[in-house]
Amino acid sequence: MSANDAMEQAKANWEMYYTLSQELLKFIDKQDIDAFTELTRQRDVIVERMKALPETEVYRQTDECKALVEKIKPLDMQIIYKAKSWLNKSKRQNATVHAYDLQSVNPVGNILNRKY
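Keep in mind it's a predicted model, so treat the numbers as computed, not measured.

Enumeration over the complete set of coordinates arrives at 7 salt bridges. Put simply, Lys-11 and Glu-64 hold a salt bridge, and the shortest N to O gap is 3.2 Å. With Lys-11 in helix H1 (residues 3–30) and Glu-64 in helix H4 (residues 63–99), this residue pair connects regions lying 53 residues apart in the sequence. Overall, the relative accessible area of 42% leaves Glu-64 in the partly exposed class.

Phi angles above zero are rare outside glycine, and Gln-31 is one such case at about 55°. As for its position among the elements, Gln-31 is in the loop between H1 and helix H2 (33–52). For Gln-31, a relative accessible area of 45% translates into the label partly exposed.

Moving on, we come to the packing of H1 against H2. Interaxial distance between H1 and H2 falls to 9 Å at its minimum, and their mutual angle equals 165°. The pairing of H1 with H2 is recorded here as roughly antiparallel in orientation. Handedness of the H1/H2 crossing: left-handed. Mapping the contact onto sequence places Asn-13, Trp-14, Met-16, Tyr-17, Leu-20, Ser-21, Glu-23, Leu-24, Phe-27 and Ile-28 in H1 and Ala-35, Phe-36, Leu-39, Thr-40, Gln-42, Arg-43, Ile-46, Val-47, Arg-49 and Met-50 in H2. The residue inventory of the contact of H1 with H2, partitioned by class, reads 13 nonpolar, 4 polar and 3 charged.

Glancing now at the nonpolar core. One finds Trp-14, Phe-36 and Ile-72 to be the most contacted residues of the largest nonpolar core, which totals 22 residues. Within the residue set of this core, elements represented by two or more residues are H1, H2 and H4. A per-element tally of this core places H1 first, with 9 residues. Residues within four places of Phe-36 in sequence aside, it is in contact with Leu-24, Phe-27, Ile-28, Ile-79 and Trp-86.

Definitions and limits used
- Residues numbered from 1 in each chain as written.
- Predicted model: local features only at pLDDT ≥ 70, side-chain atom pairs only at ≥ 80, totals over all residues.
- Heavy atoms only, no water.
- Salt bridge = Lys/Arg side-chain N within 4 Å of Asp/Glu carboxyl O.
- Helix = DSSP H or I, 4+ residues; strand = E, 2+ residues; numbered from the N terminus.
- Buried < 20%, exposed > 50% of the residue type's maximum accessible area, 1.4 Å probe, protein only.
- Axes fitted to C-alpha atoms, helices over the stretch in contact; angles between N-to-C directions.
- Parallel < 35°, antiparallel > 145°, perpendicular 65-115°, else oblique.
- Left-handed = near helix turned anticlockwise from the far one by under 90°.
- Contact = heavy atoms within 4.5 Å.
- Nonpolar A, V, L, I, M, F, W, Y, C, P; charged D, E, K, R; others polar.
- Core = buried A, V, L, I, M, F, W, Y, C linked by side-chain atoms within 4.5 Å.

Right, dumping it as structure tokens:
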């Protein structure tokens, strides 16, 4: 791979990371866990590609990439905030469901569920 091709690949990786970050935000707002998880996996693959390509750091020093990073930072912060909020909400809902779980606490529930 020539140096020019490697720089183009580094640029493409950063742009894909940005695009996937935008998509993550859309799917977390829709609370689509499957799509969110798949997009997270795809973004992790891009990060691994970026780490494996030395030109990534060279490209990162360009003004073009610095501008892109400034667009990515607020997206990442929103994703982190919403993911934590989503997780906490799920934990609360799970705790509420278990609060009504009568099987382990009240044997009368088992008697009422039997067919005679």
